[in-house]
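# Structural characterization, general
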Amino acid sequence: MANTVREINQHFWSSKTIPHLTIRTTRDSVYGYKDHSHAELSIGIIESGVTQLSMPEGKIVLNKGDVILIGPNIVHACNPVEGMTRSYQMLYIDNTWCCNVLSTLYGYKVTQYTCDTSVLACMADDTNLADLISCLIKQESQELAAELDSFLFNILSRYCSPQRAEENDDELAHKLRSTLLQDIANPPSLDIIAQEFGRPKETLIRNFKRHFGITPKSFLNNNRVEKAKCLLRCGVSIVDAATEVGFSDQSQLHRAFVSYTASTPRQYQQLTSIFDNNS
């Protein structure tokens, strides 16, 4: 049983045939997560064991064979139940690709969308997603890649829909988010923002968490980790990635990375192409 992140049996893959997809496979893990979010649309597949998914609307217990959709930027956490191991696969689908697909389907530019977060135990076709992914990882082929891409398209078209901007959006929470994202490496302190907005800091924190399901500090750290992922994928060193996203040193990035992704920056940096695996 793995007690540390380095001991977890997990791997990342990407495919040149499906550039908008990253696959993460984790086996027999009891490692938990802090509340976090991803910039991508996520699809979780439980292969064995039981896990508890915490979402803003409540908690869902997932069992073997369950498939779950988690929309981009939705705060969530997947944790073991009673210390039992579980194995799962996560598919991360590029958000721009998803928006482009929905834009084509609906005939206008889609920039935000919502997902059905109910468990998709019964899919609309007979494709076994876990088996399809395993076959693709073992041996890349145009046929398997096309089949998986078609499956992703079907999931997106059936369970995701455009979200129109609501008139009653909480302007204060969105204004705070925008301020934090202007420079994630050197954001102003909440004390300074509170003075600028003319509101108590505690009010800003409560308002932000009520609206987005996460505190401003956790949101900022989560975004730093997500930006660091992009940099690592582009070949930036761990030290430089840590500096660029605002962490004081490599060890601070390491701690945040482990807390929010249950993997180390080094493990993520070693993401292996499916083509490389079969060269």
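Residues numbered from 1 in each chain as written. Predicted model: local features only at pLDDT ≥ 70, side-chain atom pairs only at ≥ 80, totals over all residues. Heavy atoms only, no water.

This part takes up the packing of helix α1 (residues 95-106) against helix α3 (residues 142-159). Relative to each other, α1 and α3 sit at 65°, their axes nearing to 10 Å. Of the possible angle classes, the one that applies to α1 and α3 is roughly perpendicular. The interaxial crossing formed by α1 with α3 has right-handed handedness. Side by side, α1 and α3 meet where Trp97, Cys98, Val101, Leu102 and Leu105 of the first sit next to Asp149, Leu152, Phe153, Leu156 and Ser157 of the second. A breakdown of the residues in the contact of α1 with α3 according to their chemical character gives eight nonpolar, one polar and one charged. (Axes fitted to C-alpha atoms, helices over the stretch in contact; angles between N-to-C directions. Helix = DSSP H or I, 4+ residues; strand = E, 2+ residues; numbered from the N terminus. Parallel < 35°, antiparallel > 145°, perpendicular 65-115°, else oblique. Left-handed = near helix turned anticlockwise from the far one by under 90°. Contact = heavy atoms within 4.5 Å. Nonpolar A, V, L, I, M, F, W, Y, C, P; charged D, E, K, R; others polar.)

Taken together, three strands build an open sheet; the order of strands is β5-β4-β7 and the sheet is antiparallel. Edge positions in the sheet fall to β5 (58-62) and β7 (77-80), since each of these pairs with one other strand and no more. Adjacent strand axes in the sheet meet at a mean angle of 25°, parallel and antiparallel pairs treated alike. In this sheet, β7 lies alongside strand β4 (residues 51-55) in antiparallel orientation, the contact comprising four bridges. Paired with Gln52 across the two strands is Asn79, which belongs to β7. (Pairing = 2+ DSSP bridges.)

With that out of the way, let us pick up the confidence of the model for the chain. Mean pLDDT over the chain works out to 85, with 89% of the residues at or above the 70 mark. Least confident of the elements in the chain is strand β11 (residues 272-273), whose mean pLDDT is 41; most confident is helix α8 (residues 238-245), at 94. Every residue in residues 121-126 scores below 50 in pLDDT, and together they form nine contacts with partners more than four places removed in sequence or on other chains. Below a pLDDT of 50 lies the segment residues 272-279, which in the model reaches 21 contacts outside its immediate sequence neighbourhood of four places, other chains included. (pLDDT = per-residue confidence, 0-100.)

Here the focus is the pattern of salt bridges. Within the structure shown, the criterion is met by three salt bridges. The salt bridge involving Arg27 is made with Glu47; its shortest N-O contact spans 2.1 Å. One end of the pair, Arg27, is in strand β2 (residues 21-29); the other, Glu47, is in strand β3 (residues 41-48), with 20 residues separating them in the sequence. For Arg27, a relative accessible area of 29% puts it in the partly exposed group. (Salt bridge = Lys/Arg side-chain N within 4 Å of Asp/Glu carboxyl O. Buried < 20%, exposed > 50% of the residue type's maximum accessible area, 1.4 Å probe, protein only.)

A separate point is the pairing of β3. Counting buried residues in β3 gives seven out of eight residues, a clear majority hidden from the surface. Bridge count between β3 and strand β8 (residues 86-93): seven bridges; the pairing is antiparallel. Bridged to Gly44 within β8 is Met90. Alignment of β3 against strand β6 (residues 67-70), held across four bridges, turns out to be antiparallel.

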